[in-house]
Amino acid sequence: MFAAIAALLLLALYRLTLAPTTAMWDTGEYMAVAYTMSLPHPPGNPLFVLLGRTASLLPIAPTVAMRLNLLAAGAGAGSAGFWFLIGERVLRGSGVSRPWRLAGAAAGTLLGATAFTVWNQSVANEKVYTIALLFLTLISWLALRWLDEPEGDRRDRLLMVIAYLLGLGYTNHMAGFLPVPALAAAVLLTRPQVLLRPGLMAALLASLAIGLTPILTQPVRAASSPPLNHGEISACQNGFHLGCTFSAETVSRVREYLGRQQYGKPSLLERQAPLSAQMGMWWLYFRWQWLRDVPGRAVSLQVLLASLMLGLGLYGVWRHWQADRLTFTYLGPLLLTVTVLLVWYMNFRYGYSQAPPLGNSVPREVRDRDYFFLWSYSAWGLWAGLGLTTVALTIRGKGVGRPNLRAVFAVAILGFAVVPLVTNAPDASRARQTFTRDAAVDVLNSVEPYGILITNGDNDTYPLWYAQQVEGVRKDVTVAVGSLLGLDWYVRELLKRPVYRYDTVRSPALFGDRTWAPPTKPLMAVDPAAPELFPSYVELRQPALFTKDSIVARVGPGVITHDQLAVFQMIKDSFPVRSIYFMGPTGPYARALGLGPYLVDDGLVARLVPRTSAGLPGTVPVRLFGDEVHIDPTRALALWDSFAGPAALRRQGLWRDPASASMPALYVAGGLAIAEALRESGARDDAERITREALELDRESGLGFIPPGARMN
């Protein structure tokens, strides 16, 4: 009962701080694939897709996004409930009285549940990690039950349930196998005779295999060409057929998909950074758990809190080892697995925020990877709670002064568990964060009906997928991801994409003055059944010219890649019947293709025009941080005044993730460019207003995009 109360209280906390919609990074993708039963990037996460689809249909919140965020919150809160049960069992094995067991278990549960990464991941369904944490804690609780259970059928059934949950958890994420080393240690150290029972071993393998069956949904669903079909893992080209869906070719594709071979991760023997640096990354993120490292916070206080939490945890581990060797046979190896072994296995490069003095002289991760250590920091709360309880009981029993005062002081010591709840509340909460969704709508509404928008990937793409697939916003726009256009399967996915009717009722006012006819020709005039749609690259030993009507783009010398060939093919076959846009106010992707002279910037996106923008009536040339851009000030002003992103960014306040700051920075750069164009065209009042708004966004969000005193030109 007390574990359920703890879980419900934390669910209430997570609900109060829940993100109302999508967020940066993979949130938009995973919401889109859950809602449409599609396939995300490797390793696919079939169980999450099934759970997410179910959650999206339940009447537990007013919107699909909130329902999926509540799925993450429920999993995080459920994990806390199991940590409570585990903590109470360990303290019981240490001989602690029941009131203190409950208090100590509550302290450890609160510490783990309000650690920054655990809390932050429990209020937005960024990926699958809180569900993976739920599996880890459930299996761990069952493992302790197995250790306590006497010989008999019930103990064997517990092992079979654990084996099933291991397989099922793996289909959510590979972290589902994190308990395996600890389970192996517990069996070998306490009951190795289990391994000598062939019948039980066969039953465990069968249970594991049954748990893995959600994987079978992936090739079946892939065969029906869902909206997002990452990897094209089914060999079927025309819908589900038993033969090709489970053919040797499909099995091979599924194996590559589950193994994440697309990413080409090096061998564990080939370290991407020294192990000392990788442990340093773990320590940096450990410091964040108790006081998130943001501007204005004292690093010394953060280090002090982290050192105290580290000491409490290590003390808890030592006391656990002394007092309850039985449960330590499982929980001790588990702690080792989710700390040192996990750091070694992940083999990350230097962290995004790690070792600033080294700068770009070392390869870095594209973002901070603290979420990969979610299990580590959540589990640490258990041992820190044990350490805290031991300190409190020591003061109560052996301290100086009257017993009643010592008891009060001991209870106050346990109150330390509320520290991360207080220190992390401003940073872990996502309650006011609607910027990502609003920015996605602003970008899509910047594109003319039936237009093609070429993005870069991740943060400028996944929110668009969410807006289109979940909320149905501007599905007429074709989002073509530049980083994926280098893969034939993705080009085929685009070619299969149906043409969605432009919604005139929800249309932006800017495009409401004419009738827009849907396109009748394919995006590209290539055969989607061809085994190779474009070569991987073409080497140009001398400059070449790409021409399309009045467009003449100079390319090379050098290498022109698969994705660039696909973009040129789209321009050749679809433009100008379908307008083409590039993400970013200066269209850096298009400029690399020699298309810079044919771009007009519309604030957040750059529009391809059929002749040089320098000679296009109504455009104004301005210089933005060294680049010359052309802007139609009338159109750009109408777009800026329709944007919801700036207001959402101001509500959100400080932008806490510098690795994703490129999206809010689009508004700063785009706003300043629009203001300069308005100034050049004589609209000085609007120019001053937008300049002020852009600079305020930069300052209030802490982006630092504009250096103090800097000018655009």
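Description of the structure in this document.

About the cut-offs
- Residues numbered from 1 in each chain as written.
- Predicted model: local features only at pLDDT ≥ 70, side-chain atom pairs only at ≥ 80, totals over all residues.
- Heavy atoms only, no water.
- Helix = DSSP H or I, 4+ residues; strand = E, 2+ residues; numbered from the N terminus.
- Rg over C-alpha atoms; globule rule 2.2 N^0.38 Å.
- Buried < 20%, exposed > 50% of the residue type's maximum accessible area, 1.4 Å probe, protein only.
- Contact = heavy atoms within 4.5 Å.
- Areas by Shrake-Rupley, 256 points an atom, 1.4 Å probe, with all protein chains shown as cover.
- Phe/Tyr/Trp six-rings, centres within 6.5 Å; stacked < 30°, edge-to-face > 60°.
- Core = buried A, V, L, I, M, F, W, Y, C linked by side-chain atoms within 4.5 Å.
- Pairing = 2+ DSSP bridges.
- Right-handed = clockwise from strand over helix to strand, strands pointing away.
- Patch = residues over 30% accessible without salt bridge, like charges linked within 9 Å, V, L, I, M, F, W, Y side chains within 5 Å.
- Salt bridge = Lys/Arg side-chain N within 4 Å of Asp/Glu carboxyl O.
- Axes fitted to C-alpha atoms, helices over the stretch in contact; angles between N-to-C directions.
- Left-handed = near helix turned anticlockwise from the far one by under 90°.
- Parallel < 35°, antiparallel > 145°, perpendicular 65-115°, else oblique.
- Nonpolar A, V, L, I, M, F, W, Y, C, P; charged D, E, K, R; others polar.

1. Topic: the overall build of the protein chain
- Check the secondary structure of the protein chain and you find 28 helices and 11 strands.
- Taken against the 2.2 N^0.38 rule, which gives 27 Å for 713 residues, the C-alpha radius of gyration of the protein chain at 28 Å falls within 12% of a compact globule.
- Within the protein chain, buried positions represent 57% of all 713 residues.
- A fraction of 72% describes how many contacts in the protein chain between residues 6 or more apart in sequence connect residues 24 or more apart.
- Carbon and sulfur atoms make up 61% of the accessible area of the protein chain, which totals about 29,100 Å².

2. Some thoughts on the side chain of serine 207
- Along the polypeptide, serine 207 turns up in helix 10 (residues 198-211).
- When residues no more than four places from it in sequence are discounted, the contact partners of serine 207 are Met160, Ala163 and Tyr164.

3. Considerations on helix 20 (residues 435-444)
- Judged by how many residues are buried, helix 20 sits mostly within the fold: 9 of 10 residues are covered.
- Those residues of helix 20 not exposed but buried are Phe435, Thr436, Asp438, Ala439, Ala440, Val441, Asp442, Val443 and Leu444.

4. Some thoughts on the packing of aromatic side chains
- Taken as a whole, this structure holds 31 aromatic pairs when the rule is applied.
- Judged by centre distance (6.4 Å) and plane angle (40°), the rings of tyrosine 285 and phenylalanine 373 are tilted. With tyrosine 285 in helix 14 (residues 275-290) and phenylalanine 373 in the loop between helix 16 (325-346) and helix 17 (374-398), this pair connects stretches of sequence that are 88 residues apart. Note on accessibility: tyrosine 285 and phenylalanine 373 belong to one class, buried.
- Aromatic pair phenylalanine 348 and phenylalanine 373: ring centres 6.2 Å apart, planes at 90°, arrangement edge-to-face. Taken together, the residues span a long stretch of sequence, with phenylalanine 348 in the loop between helix 16 and helix 17 and phenylalanine 373 in the loop between helix 16 and helix 17 at a distance of 25 residues. Both residues of the pair, phenylalanine 348 and phenylalanine 373, count as buried.

5. Here we look at the environment of arginine 92
- With respect to the secondary-structure elements, arginine 92 resides in helix 4 (residues 64-93).
- Sequence spacing of arginine 92 and methionine 37 is 55 residues, and the spatial spacing of their C-alpha atoms is 45 Å.

6. Regarding the nonpolar core
- Core analysis: the largest hydrophobic core is formed by 203 residues, its most contacted members being Tyr330 and Trp375.
- Counting 7 residues, the second largest nonpolar core, distinct from the first, contains Leu39, Ala222, Tyr257 and Leu258.

7. Let's talk about the pairing of strand 1 (residues 452-455)
- Alternating residues of strand 1 divide into Ile452 and Ile454 and Leu453 and Thr455, and every residue in both groups is buried.
- The sheet contact formed by strand 1 and strand 2 (residues 478-481) spans 4 bridges and is parallel. Across the sheet, residue isoleucine 454 finds its bridge partner in strand 2, namely alanine 480.
- Since strand 1 and strand 2 lie parallel, the crossover through helix 21 (residues 462-469) that links them has a hand, and here it is right-handed.

8. Description of a nonpolar patch on the surface
- A contiguous nonpolar surface patch, about 460 Å² in accessible area, is contributed by Leu216, Val220, Phe240, Leu242 and Phe246.
- Looking at where phenylalanine 240 falls in the secondary structure, it is placed in the loop between helix 11 (217-223) and helix 12 (242-245).

9. Describing the pairing of strand 7 (residues 580-583)
- The two faces of strand 7 match: Ile580 and Phe582 on one face and Tyr581 and Met583 on the other face are all buried.
- Pairing between strand 1 and strand 7: 3 bridges, direction parallel. Looking at strand 7, one finds that isoleucine 454 is bridged to phenylalanine 582.
- Where strand 7 lies against strand 9 (residues 605-608), 3 bridges are found, and the strand directions are antiparallel.

10. Concerning the packing of helix 15 (residues 299-323) against helix 16
- Viewed as axis vectors pointing N to C, helix 15 and helix 16 meet at an angle of 145°, and their least axial separation amounts to 8 Å. Of the two elements, helix 15 crosses helix 16, and the hand of that crossing is left-handed. Each of Val317, His320, Trp321, Gln322 and Ala323 in helix 15 lies in contact with helix 16, whose residues at this interface are Arg325, Thr327, Phe328, Leu331 and Leu335.

11. What to know about the packing of helix 20 against helix 26 (residues 645-652)
- One can describe the packing of helix 20 onto helix 26 by two numbers: an axis separation of 8 Å at closest approach and a directional angle of 170°. When the axes of helix 20 and helix 26 are compared, the pair comes out roughly antiparallel. With respect to the hand of their crossing, helix 20 and helix 26 are arranged in left-handed fashion. Touching Phe435, Asp438 and Asp442 of helix 20 are Gly645, Pro646, Ala648, Leu649, Arg651 and Gln652, all from helix 26.
- Broken down by class, the residue content of the contact of helix 20 with helix 26 amounts to 4 nonpolar, 2 polar and 3 charged.

12. Here we look at the pattern of salt bridges
- This structure, assessed with the given rule, holds 30 salt bridges.
- A salt bridge links arginine 197 to aspartate 156, with the shortest nitrogen-to-oxygen separation between them at 2.7 Å. With arginine 197 in the loop between helix 9 (180-190) and helix 10 and aspartate 156 in helix 8 (residues 153-172), the pair connects residues that are 41 residues apart, well separated along the chain.
- Among the residues examined, aspartate 156 registers a relative accessible area of 12% and is labelled buried.
- The partner of arginine 474 in a salt bridge is aspartate 476, and the shortest N-O contact between them spans 2.9 Å. There is no split in this pair, since arginine 474 and aspartate 476 are both buried.
- Several salt bridges converge on common partners, so that one network encompasses Arg437, Asp438, Glu471 and Arg651.

13. Details of unusual backbone geometry
- Cis geometry marks the peptide bond from glycine 556 to proline 557; its omega dihedral reads 5°.
- Relative to the helices and strands, proline 557 is located in the loop between strand 5 (551-555) and strand 6 (558-561).
- A cis geometry characterises the amide bond from phenylalanine 575 onward to proline 576, with omega recorded as 5°.
- Topologically, proline 576 is positioned in the loop between helix 23 (562-574) and strand 7.
- Of note in this structure, tryptophan 25 is not a glycine but carries a positive phi near 60°.
- Among the secondary structure elements, tryptophan 25 is positioned in the loop between helix 1 (2-16) and helix 2 (27-36).
- By relative accessible area, tryptophan 25 is classed as buried at 7%.

Note that every value here comes from positions in space, so none of it alone points to a role or purpose.
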